[in-house]
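# Reading the structure
Residue strings, one per chain:
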Amino acid sequence: MSGRLLKKVLKEHEESKLQNHHDEEEEEEDEDEEQLGGSRGRSSINPFDLLNDGDEDPESEKVYRIAEIDDDEKKKKDEEADTVQPPSSKNKSKKKKKKKTKESRSNVVVKPEITLDETLEALSLGANSKQEEEVQETKPASSRPVLEIDPKYLNLENELRRMYGSKVVRSLESSSQSGGGGGGSSRQGRGGRRGVHHITKTVLITPMENWARWDRSFSMEFLETKDGYNYFRYTHSSSYEQAQRAFQAAQNLHDLNGVASVLINHPYHIDSLITMADYFKFAGDHQMSADAIGKCLYGLERAWHPMFTPFNGTSRLKYSHDANKPFFTALFAHMRNMDRRGCHRSALEVCKLLLSLDTDNPVGALFCVDYFALRAEEYAWLEEFSEEYQSENSLWLFPNFSYSLAIARVYLEKTEEASLDSSKSSSLDLMMQALKLHPTVLKKLVDKVPLKDQAWGKMLKHYYFRSDQSKNPSLDHLISIYVERNYLIWRLTDVQKLLKSAAELVIKQLDEKESDAEDFLSVKEEAFPAKHNEYSHLSIHDFSDSVPTLPPDNLQNFVADPRMGGGEQVAAGGGGGGHHQQQQAPPVRDVANRNPLAVFLESMLPWVNLGEGDDDDADHQPENNG
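Residues numbered from 1 in each chain as written. Predicted model: local features only at pLDDT ≥ 70, side-chain atom pairs only at ≥ 80, totals over all residues. Heavy atoms only, no water.

### What about the nonpolar core?
If you look at the biggest cluster of nonpolar residues, it comprises 128 residues, and the most contacted ones within it are Phe327, Phe385, Met431, Leu435 and Trp490. Looking at this core, the element that brings in the most residues is helix 18 (residues 399-415), giving nine residues. Both domains that meet at this core, namely domain 1 (156-169 + 200-345) and domain 2 (364-556), each give it at least three residues. Filtering out sequence-adjacent residues up to four positions away, tryptophan 490 remains in contact with Tyr403, Ile407, Met431, Leu445, Val449, Leu451, Tyr482, Val495, Gln496 and Leu499. (Core = buried A, V, L, I, M, F, W, Y, C linked by side-chain atoms within 4.5 Å. Buried < 20%, exposed > 50% of the residue type's maximum accessible area, 1.4 Å probe, protein only. Helix = DSSP H or I, 4+ residues; strand = E, 2+ residues; numbered from the N terminus. Domains from an automatic or database assignment. Contact = heavy atoms within 4.5 Å.)

### Observations regarding the packing of helix 14 (residues 325-340) against helix 15 (residues 344-357)
Packing of helix 14 against helix 15 brings their axes to within 8 Å, and their N-to-C directions diverge by 160°. Taken together, the axis directions place helix 14 and helix 15 in an arrangement best described as roughly antiparallel. When you trace helix 14 past helix 15, the crossing you get is left-handed. Where helix 14 abuts helix 15, its residues Phe327, Phe328, Leu331, Phe332, His334, Met335, Met338 and Asp339 lie against His344, Ser346, Ala347, Val350, Cys351, Leu353, Leu354 and Leu357. (Axes fitted to C-alpha atoms, helices over the stretch in contact; angles between N-to-C directions. Parallel < 35°, antiparallel > 145°, perpendicular 65-115°, else oblique. Left-handed = near helix turned anticlockwise from the far one by under 90°.)

### Examining the confidence of the model for the protein chain
For the protein chain, per-residue confidence averages 75 on the pLDDT scale, and 60% of positions sit at 70 or higher. Averaged pLDDT values over the elements of the protein chain bottom out at 38 in helix 9 (residues 185-191) and peak at 98 in helix 16 (residues 369-375). Between residues 179-195, whose pLDDT stays under 50, and residues either more than four places distant or in other chains, the model counts 26 contacts. For the stretch residues 560-586, pLDDT sits under 50, and the model shows 45 contacts to residues farther than four places along the chain or on other chains. (pLDDT = per-residue confidence, 0-100.)

### Regarding the pattern of salt bridges
Counted by the stated rule, this structure contains 17 salt bridges. A salt bridge links glutamate 349 to lysine 352; the nearest nitrogen and oxygen atoms lie 3.2 Å apart. Of this pair, glutamate 349 and lysine 352 both sit in helix 15, three residues apart, roughly one helical turn. For glutamate 349, a relative accessible area of 1% translates into the label buried. Salt bridges linked by common partners bring Arg345, Glu349, Lys352 and Glu378 together as one network. (Salt bridge = Lys/Arg side-chain N within 4 Å of Asp/Glu carboxyl O.)

### Quick look at the packing of helix 10 (residues 238-252) against helix 11 (residues 256-265)
Between two packed helices, what matters for the description is the angle formed by their axes and the separation of those axes. Following both chains from N to C, one finds helix 10 and helix 11 inclined at 165°, their axes separated by 8 Å at the closest point. In terms of orientation, helix 10 lies roughly antiparallel with respect to helix 11. Helix 11 is crossed by helix 10, and the crossing has left-handed handedness. The segment helix 10 lies against helix 11, with Ala243, Ala246, Phe247 and Ala250 engaging Gly258, Val259 and Val262. Taken together, the residues that form the contact of helix 10 with helix 11 break down as six nonpolar, one polar and no charged. (Nonpolar A, V, L, I, M, F, W, Y, C, P; charged D, E, K, R; others polar.)

Here it is in C-alpha cells:
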C-alpha cells in the first residue's frame, strides 16, 4: 500500500473539518493555503513512492478510511490547536501531523480496529513492564544498598585534593616522579626505548605511566548466579602457574632476589608483588610498598569479567577460592595505606567493597568499618549500616559496634537537636549498654589511650571493671582488635566525657541491682561461645596504626641469598644497614631496555650493582661470585 493515498485522505478530512468551524472568509484563506501546501507536498514526495501508485485499489481506500474514523477525535484536537498557532509554527505542526499519520498507518496495517491512543498506551505499558522485569532480574532478593560503593571516593588523589588542594597534590606527584620512587627520570628515559604504550585507567588505583603493559596472565571467570548474586573466580594461565611455582621456590629459600626475578618476566605476579610490598614496609619504604600494592590492584582490576560489577553489591568473590585470596589481601593493604595517609573516606569505600565481595568477613573488614565511618564523619551511614547489614549476630553485640554507635550518636545529637528522633536511644544509654556488655574494654582503653585522670583509677577498682579479660577467647580477641584499631578516637574530649558519665552511672546501677550484670553475661555467652577463638585467623597487628620496621639483622628471616659465600644474610633494602664485604665486586648490569620496576627492585638488593657502564650480559639472574 502507498502512504501517498493516506496523506490525501487525511488532507480531505482536514479540509472538511476546517470548513465546518470557520466562516466563509476563513474558508477561502484555508483553500488558498491548501493549494499552496499541496504543491509543496508534491515536491517533497519521495520519488520511490510513485512506484506504488498502481497498487492502489478501493479495498485499501476503505481500510484507511476506517483509520480516519477511528482517529477522528484525536485529529479534532490537533486541528483546533493548529488554528491558534502563529504562521511561523504551521510548518512544525504539519511535520507533527505527518509523523502521527505515519504512526496511525502502521497501527492500522496490524490491527485496523485499534485506535492510536490505545496502541500508544499499550506500547507504553509494555515498555514499562519490560523495564520492571529487567530490574527484578538484576536486583537481588535481599538487596543491601548500604554497601553500594561510590567509585569517586575510591580514588585516593581525589580525597587528597579535597583535603590539601590540587596544587599541593600536583607538587607531591611531580616530586615523587622526579625522585627515586619507582624509577627516576633518567631510568624512565632509557626505559622509553622499549616503546611507549598506553596505560589503561582503572577505578581502584591510578596507574603510573611507566608501569609495564598488562600481560593478561590471569583472568576472571563467571561461576553461577545464586539468590540474585553473580559469583566469580580468578583463573591463572599456564605461564602464571609456572611463575607461581618459581615464586614458591624462592619463598621457601627466603630468596628476595628470586622473587624479583619472577617480577622481571611476570611484572603482575600478585604474590611476588605482595611479598615485595611487605619487604618494603618492614624496610621502612612505605611509598614503594604502596606502589607494589597498587600494581597488584591494577592487574587484578584489568582481569575483571565483563559481568563483574562489584560497586553495586551484586557480585560475589568468595575468599574460599585460593585464586581470589590475593585480591582481598591487596585490598586490605590498600585500605591500610589510605588510612596511613589520612584518607579515611576512601578507606571506608574499600572496606565496604571487602564486605560486599564476601559477606563471611574473611579478612575482618567488619571490625574496622566503624572506625573509618567515624573518622570520615559518616555517622548516619554507620547507624543505617548497623540496622541493615545481615549477620549471624546483631552488630551491636560486637565490641566495636556497641561503642562506635554510641560515639556516632554523640555527634548526630549535635546536628539533630531540633529534629532528634525520640525512638532512638541517646548516646548516654548506648554507652552504658556498651559498658555493661563489654566492661573489659574500659581497662584496656585507660592503658592504651592513655587516660590519666584519677577518676579512671577509682572506676577500675570496681569489681565490674577490674579485669581486662572476659575469659572468652573470641570476645577477648575482638576487644583487643577494637582497642588497637579505635583507641585514637578516645582521645577526643567529648568522647571521654561521655565514657566517664556512662561508667559512673553503670557503677551506681550495679550497686543497686546486681542482677543486671548477670543478664548481660548471659547475653554474651549466647552470642560468643567460649569454646575456642573463632577469630584467631585475624592478626591484631593488621589493625594497628603502628608502623612496623625491623633492623637489618632482623630481616635475615625475611630474605636471604643462598648464592652468597657462606650463606651471608642480606641487609635491609636501600643501604640502611651494615653491608658485608665480598671477595669480588659484582658485575655492572645495564638497565637499558629493561622493565623500570624490575630495575628498581634489583637496585634495592645489596648484591646487585646497577652502574652506568655498558654491559651486554642479558642474563638477569645474579651471578654466583662465591
